[in-house]
Amino acid sequence: EIWATQFLMHHPARVSQAMDAEIFLVPVWPLLSKLVGNACGQGTHDERMRKANAALRGSAHWQRVPGRHFVVAAGPRAQSA
């Protein structure tokens, strides 16, 4: 998850203006969140994911193209960890 985010942050096709973006990377890192559990002092994994979901759905970019063109870089174990 983190390596994919770091890779995409430096991708040559990355744009500096969100209005020019065709795809949005959502750096949520669900596997890391699930593995950390409550140890980070920021609530449970489920609470963090609910907050991330609310923030994403409230963003102007989501409102422009609801649910389309958004990518969450999640490891294969993100659902089962």
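All values derive from a computational prediction rather than experimental measurement. (Residues numbered from 1 in each chain as written. Predicted model: local features only at pLDDT ≥ 70, side-chain atom pairs only at ≥ 80, totals over all residues. Heavy atoms only, no water.)

Trainee: Please explain helix H3 (residues 45–58) as it appears in this structure.
Mentor: End to end, H3 covers 20 Å across 14 residues, agreeing with the expected 20 Å (1.5 Å per residue, within 8%). As for H3, its buried residues are in contact with strand E1 (24–26), helix H2 (30–36), helix H4 (60–64) and strand E2 (70–72). (Helix = DSSP H or I, 4+ residues; strand = E, 2+ residues; numbered from the N terminus. Expected span 1.5 Å × (residues − 1). Contact = heavy atoms within 4.5 Å.)

Trainee: Any chance you could explain the packing of aromatic side chains here in plain terms?
Mentor: To describe a pair of aromatic rings, you give the distance between the ring centres and the angle between the ring planes. If you walk through the whole model with that rule in mind, you get 2 aromatic pairs. Between Phe-24 and Phe-70 the ring centres are 4.9 Å apart and the planes differ by 15°, which places this aromatic pair in the stacked class. Here Phe-24, found in strand E1, pairs with Phe-70, found in strand E2; they are 46 residues apart in sequence, far enough to count as distant. A single burial state applies to Phe-24 and to Phe-70, both of which are buried. Relative to Phe-70, the ring of Trp-62 lies with its centre 5.0 Å away and its plane at 50°, an arrangement referred to as tilted. Classification of Trp-62 as buried rests on a relative accessible area of 13%. Relative accessible area serves as the criterion here: at 17%, Phe-70 is assigned to the buried category. Joined through ring pairs, the aromatic side chains of Phe-24, Trp-62 and Phe-70 make up one cluster. (Phe/Tyr/Trp six-rings, centres within 6.5 Å; stacked < 30°, edge-to-face > 60°. Buried < 20%, exposed > 50% of the residue type's maximum accessible area, 1.4 Å probe, protein only.)

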